[in-house]
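# Coordinates in review
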Amino acid sequence: MSFIHNLVHRSLPSRLLIFLIFLVLFGKSQKEALQVKVGIVLDSNKTLGALSLRAINMSLSEIYKTHSSFKTRVVLNIRDSKETVVGAAASALYLIKKREVVAIIGPGSSMQAPFVINLGNQSQVPIISFSATCPLLDSHGGTYFIRATHDDSAQVQAISAIIKSFRWREVVTIYVDNVFGEGILPYLVDAFQEINVRIRYRCAISLHFSDEKIEIELYNLMNMPTRVFVVHMSHDLGARLFSIAKKIGMMSKGYVWIVTNGIADVMSLMGETSLEDMHGVLGVKTYLPRSKELESLAARWRKRFGGEELNNFGYRAYDAATALAMSIEEISNENMGFKKTKNISREDIETDLDDLGVSLSGPKLKQALLAVSFEGVAGKFKLTKQRKLEATLFEIINIQGSRETTVGFWKRPQGLEVGLVKNLSVSQIGDNNSQSWHRLEQIIWPGDTIYVPKGWDFPINAKRLKIAVPKKDGFHQFVKVTKDAHTNVLTVTGFCIDVFNTVIGQMPYAVPFEYIPFETPDGKSGGSYDEMVYQVSLGEYDGAVGDTTVLANRSAYVDFALPYSEKGIVFVVPVKFERERGGWVFLKPFTKELWLLTAASFLFIGIMVWIFEHQADEGFRRHNIADNLSNVFYFSFSTLFFAHRKPSESFCTRVLVVVWCIVLLILTQSYTATLTSMLTVQELRPTVRHMDDLNKSGVSIGYHYGSFTFERLKQMGFNESRLKPYDSPQEMHELFLNKSSNGRIGAAFDEVPYVKLFMAKYCKEYSIIEPTFKADGFGFAFRLGSPLVSDISRQILNITEGGSMKAMENYWLLGEKECQASTTSDSPLQLDHHSFHALFLIVFVVSMLLLLLMLASKGYKERQGDNGEVELVAQDGVNDDGNVEYGDEEDDDHDHHIADVARALIRRKKFVRLFKPRPTPC
């Protein structure tokens, strides 16, 4: 026992020695890993900053656990930025100058980034941020600034696709008043301009605003008609904003709220109460593919840190730390030190930046970061040439109650694929800018409704719309403005006013307005219609109502609703009474084409009769061809006046003559009636037949005072000295009757509604001549981008398709029906070939059918003659030897003829049965 005891005691030191040697070797292997200092600049006392820091530590721990062979180990040097720009700058300066870190992860916000980026450029230390998303940071020229995320400009196309799909025309942007909030605005403006959407107002909310100040800003927005709001701010300020919006009633029916990923990506940090305040809000959220890596990390996170969820920024921080660790390992052989650059300067002006060193490994580390590529928990980690990640996919979420629901996705369009889709497994083809609520799942809007808000409403406490109406001296049936001399009460009536009142009365919401005459202080007209419309564009009026024509040049500075009147511009000229005169008046009942067609028909009928008679009448064939042709054409022309005593031999001729006589009867009766009308009835004829005649005649032209027709006439080449204005139908009529050569007009150029009103009173004295020029009719004008335009246009369609518009036209423009029958044409009524083409077609078809029948009958007779036997009908017959036997020679000529025929047939070795042919149809 003692021996064993001594052996054990002797072996213990050796075991202890082996253990100590193992510890030394293990410690030596640990010391062999190069310790690389990396700085962290985050707001550690904020939830997002603390969460991101834990994600970074977890990432480094797990990558070195799975890659134990790495030669480098990242050692974090953490500095709290104190949620200030100065704190972030001081922390970064301390880490670079005092700790000589090779890279900095941070800062946490876009406001803190500019100075830190400049420090990184000067010291060649890469600045890696996973949460500074402002696009304007690229303008600092930070070649050492690397975004481990995308910038905010990537999501503006998704936002514009949502707005375009629901056909909203105006939006209000609400953003935090700092670099982060302002950075997205230029990109939103460009995206909205592409889809013709106007940003009506930009509402900046400062981080230092009290709740009362935010409430005042929201009340100002309530007084605007726009109901679509795009919110871009941090989640904590957003929670305050939506709480106040719900309090004052801006989360009710009719409102639309869209938040960017600044809020949507961190919904998990907002709490259940804040989400309930945001019920019905749409959000654009960065999409992270649900991969095995992400699900595994989420499970490990919950196991390690409890129920607190890791959000999108946390996932980005995790991948950023992984990328940095891999890049540092890639340059493990590089010198990780700093090169000191002591500047010689006077001590009294020396600053902390004078002796700022330059990282020796900085350029290599930057290149390694740009080259690193791996499948991270947030998707593919691969930096672009602009040193940031690229986002091509966003998730569209809808806050329903206290949870977020995915209603669709936005994919960057490629080829014909659209941006908005319900799910990622189906590619939808079509127009990315078309109505697309069918491309998304059902959305719950504010006010707990599923009906899509129209995006615009008239504010309850807003001022009345100022609607300009023209002050006119004539054509009061369209617009008439009167003012009571004692009470100054304004009365506006007319067809255009009734249409506008009816439209406003049918709007789905109240639109208070007041009419304001476009006039001078002394009560006269304020100018032309162009001037009135231009005042609308300047904001002096909210709209213009009256007989204002929709024109291309006016549409450049105002928006028009759909036209509600007849379109076109025409010339009006006086008419005169006259009968048809002249030596050739007997030719006028038929047009030249009809005369030629009739003559050709006569020749055709003659030819067909000659063919039929030549085949049927043996006596007809014995005459020479000149006599036959003269007889045939005499035959066809004489059918105009009398019947023929000698019947035709051909059945086909008799059928054709019957049809031809019917056609001639119709032609002669029509000719007689038309010629009688021309010779006996007086007709109203325009003094000018065509616009070209006006140019040649040199007469003066009348135009409606203040109308665009004045410029249109000058464009047509009419000299301004020949143009005479008028204000009313009566004045227009007086200009036509004026006996002075300088004051009289020979024609008036005006729009169809005015002309119809004029013709209702003077229809028997004037006529409209061709051509009709294009014009779009009357329309209501509003300021550019006014959301009223689309709703008013819909109501105009409703009353136009119904009976309301017709009733108003009958009331104000009474009498136009009486003049429609009095409008004259440029030429007397003539019968043309189109009126009788069916008759001539019948003659032609019947002739062809008869010709085919005749040819078929002739062919049939010939076939019967070739296949039969020869039967010689003679007095003597044929004997058994085949010789012809002759009888009495009473008629030698006849006998010799028969003998000749028989001998000819015998030589041909054919036998023909001679018989008296039966009559054929032709």
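That block above? That's the structure.
This structure is a prediction, so every number in the text was calculated from the model and none was measured. (Residues numbered from 1 in each chain as written. Predicted model: local features only at pLDDT ≥ 70, side-chain atom pairs only at ≥ 80, totals over all residues. Heavy atoms only, no water.)

Along the protein, the regular secondary structure elements total 29 helices and 30 strands. With 922 residues in all, the protein has 47% of them scored as buried. Considering only contacts in the protein between residues 6 or more positions apart, those separated by 24 or more positions represent 71%. Carbon and sulfur atoms make up 54% of the accessible area of the protein, which amounts to about 47400 Å² in all. (Helix = DSSP H or I, 4+ residues; strand = E, 2+ residues; numbered from the N terminus. Buried < 20%, exposed > 50% of the residue type's maximum accessible area, 1.4 Å probe, protein only. Contact = heavy atoms within 4.5 Å. Areas by Shrake-Rupley, 256 points an atom, 1.4 Å probe, with all protein chains shown as cover.)

Before going further, it helps to examine helix 4 (residues 113–123). Quick reminder: α-helices carry 3.6 residues per turn. Residues three or four places apart thus point the same way. The complete set of buried residues in helix 4 reads A113, P114, V116, I117, L119, G120 and S123. Looking one or two residues past helix 4, Q124 carries a phi angle of roughly 60°, positive in sign.

Looking now at the nonpolar core. Ranked by size, the top nonpolar core spans 65 residues in total, and within it F500 and I792 carry the most contacts. Not counting chain neighbours up to four residues away, the residues in contact with F500 comprise I467, F513, Y515, V545, F780, F782 and I792. Membership of the second largest hydrophobic core comes to 48 residues, among which are V36, I63, I105 and L324. (Core = buried A, V, L, I, M, F, W, Y, C linked by side-chain atoms within 4.5 Å.)

All right, on to the sheet that holds strand 22 (residues 543–544) then. One open sheet holds the 5 strands; their spatial order is 21-18-22-30-23, and the pairing between them is mixed. Edge positions in the sheet fall to strand 21 (513–518) and strand 23 (558–560), since each has one partner strand and no second. With 2 bridges connecting them, strand 18 (residues 465–470) and strand 22 associate as parallel partners. Note on strand 22: the bridge partner recorded for A468 is A544. Of the strands in this sheet, strand 18, strand 21 and strand 30 (781–783) are in contact with helix 15 (residues 495–505), which crosses strand 21 at around 160°. In this fold helix 16 (residues 529–537) packs onto strand 18, strand 21, strand 22, strand 23 and strand 30, with an angle of close to 170° to the strand it touches most, strand 18. (Pairing = 2+ DSSP bridges. Axes fitted to C-alpha atoms, helices over the stretch in contact; angles between N-to-C directions.)

One pass over the full model with this rule turns up 21 salt bridges. The closest approach of N and O atoms between K247 and E215, which form a salt bridge, is 3.7 Å. On the criterion of sequence distance, the pair formed by K247 in helix 9 (residues 235–247) and E215 in helix 8 (residues 211–222) is long-range, its members being 32 residues apart. Residue K247 is classed as exposed on the basis of its relative accessible area, which comes to 63%. The residue R794 makes a salt bridge to D791 at a minimum N-O spacing of 2.7 Å. Taken as a pair, R794 and D791 lie in helix 25 (residues 788–801) at a separation of 3 residues, close to a single helical turn. Ionic contacts of the salt-bridge type, sharing partners, join the residues D138, R147, D151 and K388 into one network. (Salt bridge = Lys/Arg side-chain N within 4 Å of Asp/Glu carboxyl O.)

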